[in-house]
Amino acid sequence: MDYYGKKSVTPKKLSFISIYFLGINGVIGSGAFLLPQTMYKDMNLMCVFVTICSALTVSMIALCYADLSSRFTGAGAAWLYSYNAFGRFMGYELGVFTWFLGCCTYAAEVVALLTTLRSFWPAYNNNIVYFSTAIGLIVLFSIINFFGRSLVKFVDNLSSAAKLITIIGFIIIGAFFIHKINFTPVIPKAATTGVVPYFKHFGAAFSVVFYLFTGFSFIPIAATQMENPEKNIPKVLISVMITVTILYSLMLIVAIGILGSRMSNYSTPIAVAFQKAVGNWGYIVVIIGMLTSIFGVAFASSFNTPVLIASLANEHGMLPKWVGKKNKYDAPWISILLSAGVTMVLITQSYLFLVSCIVLASFIQYVPSILAVIKFKHTDEFPNHGFKLPGGYTIPILALIISCYMITNFTWKTLIVGLGVALLATVLYFFINKNPVDTLKHEKYLERLRKRL
């Protein structure tokens, strides 16, 4: 079965370039177009500095993933690493949270799509129109996933092209319309009144910016479908993080240079900035690029999210077999319905709340993965092949400290949702895993055998 779920006798492996562009598409989502408003509101021009700080932080975590991906060739990423480091229960919990993360991402992209439409189409201020369209989109995506799974690759490629052309075009053309006077104020006045207010604003912006980079953790999930994953995934992770950091920073500089303090007044700041620079056609171009990009990411999420939970059921025996049941088109129809149902509940929440849930779910993936790096470095249980994290324990310890800092920026509502998911998953685990079959035991044995050889 290839990356998009289509059966093949001799599946073609994904090359380095293919994985790279999949990574770019997975990391750059709706936040690149919608969140600059919130980032500027929190830190003004200093939001560019916050972006670089967040990029460095996430890069340390990405390096931990690079280290782990060089130790394993199997698919699964965070849950697989935690399973081998800390056992079946931890792997199961991480698998469920990865699925929850997928549902949140799916919902956030649908909400982002409608938020963009609402910015120029007043009808979407009506809740009936808004939620009818949202539910209609989820139903449409589900139907397509039942019957038209080959369409995912086309939409994914179209989405990637649309966002990259839009972002690069905005940066190059918009750079000619920057006014230096718009780079003031550098920092909000409220953040200059003391250390506590400064870190409050910094933390608020950091949490939002952190979300912009979270998609990197999905890159190793399809490891079995990639050429030489132990060497290519680490290279892709590093390359994607560098590329995305440069693009985000330049986008912010250009947008602020065009709009200045007006940046915080618009829900679609990149589109408005281009409109101010080149006229109405610029707004239309960016909006079309945004809608195509966001639609593509939402559609890809509608496919990838059910595939993950079906995989936990079919390949790893961590969920009941009926969860991964497939129809005659090889589509996991029950997983599609479950994912669609959870997403329909989540779309009732605001975009920023969904962003905070995504950051929380990502944080829950990162901490066990970082701890897995530390454990494997200490025990040398699964040796590296193709990439080895430099600096001993320094990078994982720093990544762990900064990841734990994220806890201070979560609202009680977000923490309660995360706790609820964890408790529900735990209860279900003891009901459905009374006599667990350890389907990864053989793979773990092979990894140890390779170490001895």
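Below: a short report on this structure. Being a predicted model, the structure only gives us computed values, none of them experimental.

Considerations on the packing of helix α6 (residues 88-118) against helix α13 (residues 333-346)
Where α6 contacts α13, the two axes come as close as 9 Å, and the packing angle between them is 55 degrees. One element, α6, and the other, α13, form an angle in the oblique class. Crossing angle aside, the handedness with which α6 passes α13 is right-handed. For the pair α6 and α13, the contacting residues are W99, C103, C104, Y106 and A107 in the first and L338, S339, V342, T343 and L346 in the second.

Observations concerning the pattern of salt bridges
Evaluated as defined, the whole model comprises one salt bridge. Across the pair D67 and R71 runs a salt bridge, and its minimum N-O distance is 2.8 Å.

With respect to the packing of helix α3 (residues 36-43) against helix α9 (residues 195-211)
Between α3 and α9, the least distance of the axes is 8 Å, while the angle of their chain directions is 165 degrees. One way to sum up the angle between α3 and α9 is to call them roughly antiparallel. In the packing of α3 onto α9, the handedness of the crossing is left-handed. Contacts between α3 and α9 involve T38, M39, D42 and M43 from the first element and Y198, H201, F202, A204, A205, V208 and V209 from the second.

Brief notes about empty space enclosed by the protein
What the rule picks out here adds up to one cavity of 30 Å³ or more. Considering only enclosed or pocket space, the largest cavity measures out at about 50 Å³ in volume. Every residue along the wall of the largest cavity is listed here: A32, P36, M39, L212, Y248, M251 and L252. With three residues, the top contributor of residues to the lining of the largest cavity is helix α10 (residues 229-259). Tallied by class, residues from the lining of the largest cavity come to seven nonpolar, no polar and no charged.

Remarks on the packing of aromatic side chains
Given two aromatic rings, one states the distance between the centres and the angle between the planes to describe the pair. Using the criterion set out here, one finds 22 aromatic pairs in the structure. Measuring from ring centre to ring centre gives 5.4 Å for Y198 and F199, while their planes differ by 85 degrees; the resulting arrangement is edge-to-face. Summarising the aromatic geometry, the rings of F274 and W281 are spaced 5.9 Å apart at their centres and angled 70 degrees between planes, so their arrangement reads as edge-to-face. Take F274: its relative accessible area is 3%, and that puts it in the buried class. Among the aromatic residues, ring-to-ring pairing joins F49, Y65, Y81, Y198, F199, F202, F206, F210 and Y366 into one connected group. Of note, K413 hangs over the ring of F353, and the distance from its end group to the ring centre comes to 4.3 Å.

Rules of the game
Residues numbered from 1 in each chain as written. Predicted model: local features only at pLDDT ≥ 70, side-chain atom pairs only at ≥ 80, totals over all residues. Heavy atoms only, no water. Axes fitted to C-alpha atoms, helices over the stretch in contact; angles between N-to-C directions. Helix = DSSP H or I, 4+ residues; strand = E, 2+ residues; numbered from the N terminus. Parallel < 35°, antiparallel > 145°, perpendicular 65-115°, else oblique. Left-handed = near helix turned anticlockwise from the far one by under 90°. Contact = heavy atoms within 4.5 Å. Salt bridge = Lys/Arg side-chain N within 4 Å of Asp/Glu carboxyl O. 1 Å grid on protein atoms, 1.4 Å probe; cavity = no way out; pocket = protein on both sides within 12 Å on 5 of 7 lines; lining within 4 Å. Points joined across faces, edges and corners; volume = space filled by probe spheres on them. Nonpolar A, V, L, I, M, F, W, Y, C, P; charged D, E, K, R; others polar. Phe/Tyr/Trp six-rings, centres within 6.5 Å; stacked < 30°, edge-to-face > 60°. Buried < 20%, exposed > 50% of the residue type's maximum accessible area, 1.4 Å probe, protein only. Lys NZ or Arg CZ within 6 Å of the ring centre and 35° of its normal.

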